[in-house]
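These are the residues of each chain, in order.
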Amino acid sequence: MSSDPSAPASYLDRLNPPQRAAVERLDGPLLVLAGAGTGKTRVLTTRLAHILSTRRAFPSQILAVTFTNKAAREMKERIGAMIGPVAEGVWLGTFHSLSARILRRHAELVGLRPDFTILDTDDQARLMKQLLQAEKIDDKKWPARAVLSAIERWKDRGLAPERVAADAGGELAAGRAQSLYAQYQERLRVLNACDFGDLLLHCLTLFTTRPDVLDEYHRRFRYILVDEYQDTNVAQYMWLRLLAQGSRNLCCVGDDDQSVYGWRGAEVGNILRFEKDFEDATVVRLEQNYRSTGHILACASALIAHNRERLGKTLWTAADPGEKVQLRGVWDGEEEARWAGEEIEALQRAGQSLGQVALLVRAGFQTREFEERFIELGLPYRVVGGPRFYERAEIRDALAYARLVAQDADDLAFERIVNQPRRGVGEKAMQSLHRVARARGVPLARAAAELVETDEIKGPARAGLRRFLEDVARWRAALATHHHAEVMEMALDESGYTAMWRQDRSAEAPGRLENLKEFVAALEGFDTLAGFLEHVSLVMENAEGAPGEMVSLMTLHSAKGLEFDIVFLPGWEEGLFPHPRALDEKGEAALEEERRLAHVGLTRARRRAYVSFAANRRIHNLWQSAIPSRFVEELPAEHVERVAQPGLWGGGPARRQRFDEFDQRQEWVAAPSAPRRPVRVIEARAELVPPRPAAAGGFAPGDRVFHEKFGYGIVRAADAGKLDVEFPTGRKKVMDSFLRRG
Ligand code: ATP
Ligand code: MG
C-alpha cells in the first residue's frame, strides 16, 4: 500500500474521465455498463487498488468477484503493479470459491461440518442413481444426470427443495423430481458433502436464516466489486444483493452484449434489475474502446446490431482503422487448418509473438484439426480451459477401444475400457484377471477368455466379460472387410460407449459426443488403424515440452474477458456457428446468444481478426456442403477483405437462395472423397483365442485340491489349466492358478 493517502495517485492518470469517475465514486451502488474493451476490468482493478491505497478499507474488507480463478490471479497481479504487493486477505475469487470460504466458517449453521467435501459430477451421479433405484424409478428412462440438471437449474435460481412445487419437475423422474431433490439434499447432509450449486444455495440459506451472520458480513465487507456481471444467475444475484445491503457499496461492471451463459442460467435481466433494486445507483457508461482497431470494432458493432434484445450502445476508438477483418473461404477444414498454420508462421517470421495469437472455436471438437496441423509444423500451442484433443477422457477411451481392437495384448487399453461402459466387471473380477494373467504370462484379454469359461467369476461380470471379448474379436475381424473408421464407429456404438454419453445429461456430454464423432473423422485420414495409432502416439509425444510462447486455442466461451493481438475465428458456417443445438432448443433467444458469442470473439482482437469458413465440412461424420454462417453475411463489406478461391465465395443468387433455404433444412451430402458404405450386421465370427502354453499347475484327475472360494475338492477332468473340480457345493470349472494341492 502506498504511504501517503493524499498524494495524487499515478494510476488514476491512466484512466479517461468517465473511467476515473467510476473509480473515484466509492460510495453507494455503481453500475458500469459498457461495451467490450472499454476498460471495465481496468476500472474494477483500479478501483480496488484505489480503495486500498486511500485506506478506505483493509484488504479483508473488500470482496471482489471474478469469472474465473485465473482472472482473480491476474487482477491481483495488476493491483500489485499499481500499488505494490497486495496484502493477503482481499476476498478475491469466483462466486464458488468465495462461497466455499464463507461456508467453511459457518458450516454447522447449515447442517454441515467445516471439513465438508465438494462432490464432483461423477459422485453426484452415483448418489442420484442410488436414490432412483431406491425409489424404483427406471434410470434408463430417467437418467440420474437428467434429474441432476433439473436440480442444478433450481439451485441456479436459488430454490431450496422446500421452495420447489411438488410437481415442478413435470414428467421428469416419474413426476418425483422435487422429492428426489429433497432426498438428494438430505443424503448430502448425511455425507457431510455438497455440490457446486450448494455452495451458493447454502450461503443464501445462511444469510436469510441467520441475520446475525449476515450482519457480520455486512460489517465486514465495506466494498463489493463484480466483473462480468452480465453472466450472473439468479442465485448469484441474490447472494450479492444480500451481502451488499450492508454497505451498499456495490460496484458491478458488465456488458449485456457479452452475456453468453444463458444456457447455464445466467440472466441478462440482472443488469436491468440493478437500477430497480438500487434506485440511487450511479450508472456509468464507457464508450471508448481501447482494445481494437477501427475495422475490427466496426465489424463487431455491426454484427451485434442485428440483435434485438439489447440495450444498445455506441463504441468508438481513437485507434487507426488498421487492417480490415480478413474473411476467408476455404475448401474444407483441412485447408483451413493448413492456411491458419501458414498464416501464423508468416506472422511469427514478421516478429509476432505467439503468445498474442489466439484461435477461438465454437465447439471443443474443432481444435483437433488445428492441433494436428500445428504439431506437424512444430508451432507450439496450448488448449486453454481444457485438455488437448487426444487427452480428453472420452478420446482416451475411444483410443483404448482402437488399441485393443488393433492388438489384444494392450493391457492398459483393456483395463481402461473393460468396464466402460459398465459391464459388471468390478474390482474382484479384475483381481482374478490379473492373477491368471500373471500366473500364465498372458495378456489380460487372454486371461479373460479363459476365465469366462470357468466359475471363477460369476453372474453379470462373467456375462459382461464374455460379451466384451466376443465384441472385440468381431470388431477385429471386421477390419478385414471394412474401413477401420467404420469399424471403430461400430465399436463405439455396439459397445454401448456412445449410448453412455448420450444418456448423460451433464452439460459436457454433447461436447464429448461431438469429440467422438471427430475421432472417427480423424481415423478416416489414415490407411490403417495401426497407422492412425502410431500417428496419435507421435503427435502426443511431440506435443510435450516446448516451453515459451504458445498459440492459444480455446472456445469462444473461455475467451471472455481476454485479449490478443491476433485472433483467428474459424468455422463460421451454418450448422456449426450458430450452433444448431442451441438453436433447436431455444430459437430466437438462442440465436442472439450465439451472435453475442461471435461478438465476444471479434472483440478479443487488438490488431488483426481472421474469420474463415469452409465450403465442405465433415460434421458428425458426414460431409456437409457448408454455407457461410449468417454472421458472415452480417459483417459490413467496407470493413472486411474477402479472400477465397473462385467459386467458394460468390454470394450469387443461387448461393443466397440456398442460404435462405437453410432455415428450412440443412443439406447433408455424401463425402466427395471418401464415400462411406453403411455398416450393418457383420457376420464374421469371433476369432478363437490361440492355444495356451501347457498348464503350469500340472493337476490331473483324482488330485485333491484347495480353492480359496470353494474349499477342498477333487479334480475330475483337466484340460490344460482349466479344470473340472468336484467341491462339496457341486461341480465347478476353475482355473489352476486359483488352486493349490489339498
Ligand atoms: P471486456 O468487455 O472484453 O471484458 P473490458 O471492458 O473489461 O473488456 P479491459 O480489458 O479493462 O476492457 O480493457 C481493454 C484494453 O484497453 C486493455 O488492454 C486495457 O489495458 C486498455 N485500456 C482500458 N482503459 C484504458 C485507458 N484509459 N487508456 C489506455 N488503455 C486502456
Ligand atoms: Mg473485462
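What you are looking at is a predicted structure, and each value in this text was computed from that prediction instead of being measured.

Thresholds, definitions, all that
- Residues numbered from 1 in each chain as written.
- Chains lettered and ligands numbered in written order.
- Predicted model: local features only at pLDDT ≥ 70, side-chain atom pairs only at ≥ 80, totals over all residues.
- Heavy atoms only, no water.
- Helix = DSSP H or I, 4+ residues; strand = E, 2+ residues; numbered from the N terminus.
- Buried < 20%, exposed > 50% of the residue type's maximum accessible area, 1.4 Å probe, protein only.
- Contact = heavy atoms within 4.5 Å.
- Areas by Shrake-Rupley, 256 points an atom, 1.4 Å probe, with all protein chains shown as cover.
- Near = heavy atom within 4 Å.
- Polar contact = N/O pair within 3.5 Å; in protein donor to acceptor, adjacent residues only side chain to side chain.
- Nonpolar A, V, L, I, M, F, W, Y, C, P; charged D, E, K, R; others polar.
- Domains from an automatic or database assignment.
- Pairing = 2+ DSSP bridges.
- Axes fitted to C-alpha atoms, helices over the stretch in contact; angles between N-to-C directions.
- Core = buried A, V, L, I, M, F, W, Y, C linked by side-chain atoms within 4.5 Å.
- Parallel < 35°, antiparallel > 145°, perpendicular 65-115°, else oblique.
- Phe/Tyr/Trp six-rings, centres within 6.5 Å; stacked < 30°, edge-to-face > 60°.
- Lys NZ or Arg CZ within 6 Å of the ring centre and 35° of its normal.
- pLDDT = per-residue confidence, 0-100.
- Salt bridge = Lys/Arg side-chain N within 4 Å of Asp/Glu carboxyl O.
- Expected span 1.5 Å × (residues − 1).
- Left-handed = near helix turned anticlockwise from the far one by under 90°.

### Re the overall build of the protein
Now for step 1: For the protein, the helix and strand inventory stands at 27 helices and 21 strands.
Now for step 2: Here the protein, with 742 residues, has 54% of them falling under the buried criterion.
Now for step 3: Within the protein, contacts between residues at least 6 apart in sequence are counted, and of these 76% link residues at least 24 apart.
Now for step 4: Counting every atom, the protein has about 32500 Å² of accessible surface; 50% of that belongs to carbon and sulfur.

### Focus on the site of ligand 1
Now for step 1: Neighbouring ligand 1 are 19 residues; Gln19, Lys40, Gln258, Glu563 and Arg604 lie closest to it.
Now for step 2: Arg14 is positioned such that a nitrogen or oxygen atom in its backbone is 3.2 Å from a nitrogen atom of ligand 1.
Now for step 3: Within the contact set of ligand 1, an oxygen atom lies 2.8 Å away from a side-chain nitrogen or oxygen of Thr41.
Now for step 4: When isolated, ligand 1 has an accessible area of 640 Å², and the protein chains bury 82% of it.
Now for step 5: Looking at which element gives the most residues to the shell around ligand 1, the answer is helix H2 (residues 40-53), with three residues.
Now for step 6: Among the residues making up the shell around ligand 1, the classes are represented as three nonpolar, nine polar and seven charged.
Now for step 7: Two domains share the shell around ligand 1, each providing at least three of its residues, namely domain 1 (10-104 + 202-288) and domain 3 (325-380 + 555-687).

### A closer look at the sheet that holds strand E7 (residues 250-254)
Two orientations exist for strands paired in a sheet by backbone hydrogen bonds: parallel and antiparallel.
Now for step 1: Strand order in this open sheet of six strands is E3-E2-E6-E7-E1-E8, and the pairing throughout is parallel. Looking along the sheet, the strands with just one partner apiece sit at the ends: strand E3 (91-93) and strand E8 (282-284). Between one strand and the next, the sheet's axes are offset by a mean angle of 10 degrees, whatever the strand orientation.
Now for step 2: As paired elements, strand E1 (residues 30-33) and E8 share three bridges and run parallel to each other. Note that in E8 the partner of Val32 across the bridge is Val284.
Now for step 3: Along the sheet, helix H4 (residues 95-106) makes contact with strand E2 (62-65), E3 and strand E6 (223-226), crossing E3 at roughly 135 degrees.
Now for step 4: Running at roughly 145 degrees to E1, helix H11 (residues 269-277) makes contact with E1, E7 and E8 of the sheet.

### Here we look at the nonpolar core
Now for step 1: Core analysis: the biggest nonpolar cluster contains 79 residues, and Tyr390, Phe414, Phe519 and Phe568 have the highest contact counts within it.
Now for step 2: At eight residues, helix H15 (residues 393-406) tops the list of elements feeding residues into this core.
Now for step 3: Two domains share this core, each providing at least three of its residues, namely domain 3 (325-380 + 555-687) and domain 4 (391-535).
Now for step 4: Sequence-distant contacts of Phe414, that is, excluding residues within four places in its chain, are made with Leu404, Leu433, Leu444, Ala445, Ala448, Leu465, Phe468 and Leu469.
Now for step 5: Counting residues in each nonpolar core, the second largest holds 43 residues, with Trp91, Leu98, Val226 and Met238 among its members.

### Points about the packing of helix H12 (residues 294-304) against helix H25 (residues 588-602)
Now for step 1: Where H12 meets H25, the axes come as close as 9 Å, and the angle between the chain directions of the two elements is 175 degrees. Taken together, H12 and H25 sit at an angle that is classed as roughly antiparallel. Here H12 contributes Ile296, Cys299, Ala300, Leu303 and Ile304 to the contact with H25, which in turn contributes Arg595, Arg596, Ala598, His599 and Leu602.

### Looking at the environment of Asp123
Now for step 1: Relative to the elements of secondary structure, Asp123 occurs in helix H5 (residues 121-134).
Now for step 2: In this structure, the C-alpha to C-alpha distance between Asp123 and Asp195, residues 72 residues apart in sequence, is 9.3 Å.

### Some thoughts on the packing of aromatic side chains
Now for step 1: Under the criterion given, the structure shown has 27 aromatic pairs.
Now for step 2: Put simply, the rings of Phe389, Tyr390, Phe519, Phe526 and Phe532 pair up and form one aromatic cluster.
Now for step 3: For Arg104, the ring lying beneath its charged end belongs to Phe116, and the centroid distance is 4.0 Å.
Now for step 4: Positioned above the aromatic ring of Phe710, the side-chain terminus of Lys732 is 5.3 Å from the ring centre.

### Details of the confidence of the model for the protein
Now for step 1: Of all residues in the protein, 89% attain a pLDDT of 70 or more, and the chain-wide mean is 85.
Now for step 2: Per-element confidence in the protein is highest for strand E13 (residues 564-569), whose mean pLDDT is 98, and lowest for helix H27 (residues 653-661), whose mean pLDDT is 43.
Now for step 3: Here residues 650-696 scores under 50 on pLDDT; set against residues more than four positions off or in separate chains, the count is 74 contacts.

### Remarks on the pattern of salt bridges
Now for step 1: This structure, assessed with the given rule, holds 50 salt bridges.
Now for step 2: Of the charged contacts in the structure, one is a salt bridge between Lys129 and Asp139, with a shortest N-O distance of 3.7 Å. Taken together, the residues span a long stretch of sequence, with Lys129 in helix H5 and Asp139 in the loop between H5 and helix H6 (144-156) at a distance of 10 residues.
Now for step 3: We classify Lys129 as partly exposed; its relative accessible area is 33%.
Now for step 4: For Lys560, the salt bridge goes to Asp231, with nearest N and O atoms at 2.6 Å.

### Description of H4
Now for step 1: Its 12 residues place the ends of H4 17 Å apart at the C-alpha level, agreeing with the 16 Å of an ideal helix rising 1.5 Å per residue.
Now for step 2: Considered for burial, the residues of H4 that qualify are Phe95, Leu98, Ser99, Ala100, Ile102, Leu103 and His106.
Now for step 3: Buried residues belonging to H4 abut E2, E3, helix H8 (196-209), helix H9 (211-220), E6 and helix H10 (234-244).

### Describing the packing of H8 against H10
Helix packing geometry: the angle between the two helix axes and the distance between the axes.
Now for step 1: Direction vectors running N to C along H8 and H10 enclose 35 degrees, while the axes themselves pass 10 Å from each other. Both H8 and H10 take part in a crossing whose hand is left-handed. Here H8 contributes Leu200, Cys203, Leu204, Phe207 and Thr208 to the contact with H10, which in turn contributes Ala235, Gln236, Met238, Trp239, Leu242 and Leu243.

### Let's talk about the sheet that holds strand E19 (residues 722-727)
Now for step 1: If you walk across this open sheet you meet the five strands as E20-E19-E18-E17-E21, and the pairing is antiparallel. Both edges of this open sheet fall to strand E20 (730-735) and strand E21 (739-741), since each of them pairs with a single strand only. Put simply, the sheet's adjacent strands are angled 45 degrees from each other on average, direction ignored.
Now for step 2: Two elements, strand E17 (residues 704-707) and strand E18 (residues 711-719), share four bridges in a ladder whose sense is antiparallel. Paired with Arg704 across the bridge in E18 is Ile714.

### Some remarks on the pairing of E6
Now for step 1: What you see with E6 is no split at all: Tyr223 and Leu225 on one side and Ile224 and Val226 on the other are buried throughout.
Now for step 2: In terms of strand pairing, E2 meets E6 through four bridges, oriented parallel. Bridge pairing in E6 links Leu63 to Ile224.
Now for step 3: Both E6 and E7 contribute to a ladder of three bridges, which runs parallel.

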